Amino acid sequence: MRFARPSTQEVFAMIDAALKHDPAAAKGKEGVYQFDLQGEDGGIFQMIIDENGGRAVKGAEKEPNVILILEADHFKDLVAKELNPTVAFMSGKLKIKGNMGLALKLQTLLNSVNF
């Protein structure tokens, strides 16, 4: 039996909690990551890592350094480690605009979230 997945809002709440729980996970990954999530349960969310630590917010609070565009369901698959980010990018499921180096650091950040 497969459990119901959390909503996108709940996933970002988990990311926010993980960033606050383990600030060391965000060290060296400073920037504004914006997620433009398409489809049902989509929206714009940001993960902001700065001198105050890390946080995840709904909406565009700051100018993004990198924008990741994908379906909300594919995003949940990435966080759940059911979709490899490289495969997602190569197959066109994930589009990246902006700082590619920052995008590459994202996987280690998301690995700190238990989903």
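Keep in mind it's a predicted model, so treat the numbers as computed, not measured.

Q: Quick rundown of the packing of aromatic side chains? Include the residues and the values.
A: Across all of its chains, the model carries 4 aromatic pairs by this definition. Aromatic pair Phe12 and Phe75: ring centres 5.0 Å apart, planes at 5 degrees, arrangement stacked. With Phe12 in helix H1 (residues 8-21) and Phe75 in helix H2 (residues 72-79), the pair connects residues that are 63 residues apart, well separated along the chain. Given the relative accessible area of 3%, Phe12 is considered buried. Clustering of aromatic rings is evident, with ring pairs tying together Phe12, Phe35, Phe45 and Phe75.

Q: Please provide a residue-by-residue account of the layout of surface pockets, values included.
A: The computed volume of the largest pocket comes to approximately 270 Å³. If you list the elements that add at least two residues to the lining of the largest pocket, you get strand E4 (66-71), H2, helix H3 (85-90) and helix H4 (100-110). The element best represented in the lining of the largest pocket is H4, accounting for 6 residues. Looking at the lining of the largest pocket, its residues break down into 14 nonpolar, 2 polar and no charged.

Q: I'd love a proper account of the packing of H1 against H2, names of residues and values included.
A: H2 packs onto H1 with a crossing angle of 35 degrees between their chain directions and a minimal axis gap of 11 Å. When the axes of H1 and H2 are compared, the crossing they make is left-handed. Contact residues: Thr8, Val11, Phe12 and Ile15 in H1; Ala72, Phe75, Lys76 and Val79 in H2. Class assignment for the residues of the contact of H1 with H2 results in 6 nonpolar, 1 polar and 1 charged.

Q: How would you explain the pairing of strand E3 (residues 53-58) if you had to name every residue and give the values?
A: As defined by bridge partners, strand E2 (residues 43-50) adjoins E3 across 6 bridges and the pair is classed as antiparallel. Residue Ile49 lies in a different strand from E3, and its bridge partner there is Gly54. Taken together, E2 and the strand that follows it, E3, pair antiparallel across an intervening segment of 2 residues.

Q: Break down H2 for me, citing the residues and quoting the values.
A: A large share of H2 lies buried, amounting to 6 of its 8 residues. All of the buried residues in H2 are Ala72, Phe75, Lys76, Asp77, Leu78 and Val79. Backbone geometry just after H2 places Lys81 at a positive phi near 65 degrees.

Here is what the cut-offs are and how they apply
- Residues numbered from 1 in each chain as written.
- Predicted model: local features only at pLDDT ≥ 70, side-chain atom pairs only at ≥ 80, totals over all residues.
- Heavy atoms only, no water.
- Phe/Tyr/Trp six-rings, centres within 6.5 Å; stacked < 30°, edge-to-face > 60°.
- Helix = DSSP H or I, 4+ residues; strand = E, 2+ residues; numbered from the N terminus.
- Buried < 20%, exposed > 50% of the residue type's maximum accessible area, 1.4 Å probe, protein only.
- 1 Å grid on protein atoms, 1.4 Å probe; cavity = no way out; pocket = protein on both sides within 12 Å on 5 of 7 lines; lining within 4 Å.
- Points joined across faces, edges and corners; volume = space filled by probe spheres on them.
- Nonpolar A, V, L, I, M, F, W, Y, C, P; charged D, E, K, R; others polar.
- Axes fitted to C-alpha atoms, helices over the stretch in contact; angles between N-to-C directions.
- Left-handed = near helix turned anticlockwise from the far one by under 90°.
- Contact = heavy atoms within 4.5 Å.
- Pairing = 2+ DSSP bridges.

That's the geometry; what it means functionally is another story.
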